[in-house]
Amino acid sequence: MSIRTETCKSGTDTPGSHRKSGDPPRIWQSHHFSNLKIWLGRAVLRYARLHELFLELRSFGHRILALCNKAHNLRVETGLVYERLPNGFLRLNRKTQGRIDCIQKLHASQPWLSPMDWQLILSGWEQGCQFGAALVNDTQESKEQP
């Protein structure tokens, strides 16, 4: 399927449009592009595995570029080992222990995961912690209001 844009003799995309002669054609608004989007949407549904393979290949390329970057760090930061209690004593940091347990369970079930995958997982883990903390704060604020 090829995308073709046609212009009227007056140099505009459609009669009555106000496109200057040096402007590019409005391909994004053409019905040909809409048909292409519909076709691609159907192809993704029909060939889901092919689409998944494409996404993995795209991810692979970006991973290689990240690994080649000299600033890239292969260490996975899990957090502080201990946390200080209000009375001054130290105890194991529960958040760090949870992050370590998460990585260990994933490594046991999916040993092919790389440190880059672990960083992504821990990033999601951190977002979940922030969401949970915000949810607790919202709940406490709603209880305090009469």
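Described in the following lines is the structure provided in the data block. (Residues numbered from 1 in each chain as written. Predicted model: local features only at pLDDT ≥ 70, side-chain atom pairs only at ≥ 80, totals over all residues. Heavy atoms only, no water.)

### A word on the environment of Asp117
So, point 1. Assignment of secondary structure puts Asp117 in helix 4 (residues 115–144).
So, point 2. Asp117 sits 41 residues away from Val76 along the chain, and the two C-alpha atoms are 9.8 Å apart. (Helix = DSSP H or I, 4+ residues; strand = E, 2+ residues; numbered from the N terminus.)

### Focus on the environment of Glu126
So, point 1. Within the fold, Glu126 resides in helix 4.
So, point 2. Looking at Glu126, the relative accessible area reads 24%, which means it is partly exposed. (Buried < 20%, exposed > 50% of the residue type's maximum accessible area, 1.4 Å probe, protein only.)

### Focus on the side chain of Asn93
So, point 1. Looking at the secondary structure, you find Asn93 in the loop between strand 2 (90–92) and helix 3 (94–109).
So, point 2. Judged by its relative accessible area of 12%, Asn93 falls in the buried class.
So, point 3. For Asn93, the residues in contact, after removing those within four places along its chain, are Leu80, Val81, Tyr82 and Glu83. (Contact = heavy atoms within 4.5 Å.)

### What about the nonpolar core?
So, point 1. Grouped together as the largest cluster of nonpolar side chains are six residues: Cys102, Ile103, Leu106, Leu113, Trp118 and Leu122.
So, point 2. Elements with a minimum of two residues in this core: helix 3 and helix 4.
So, point 3. Not counting residues within four places of it along the chain, the set of residues in contact with Leu122 comprises Val76, Glu77, Thr78, Arg99 and Ile103. (Core = buried A, V, L, I, M, F, W, Y, C linked by side-chain atoms within 4.5 Å.)

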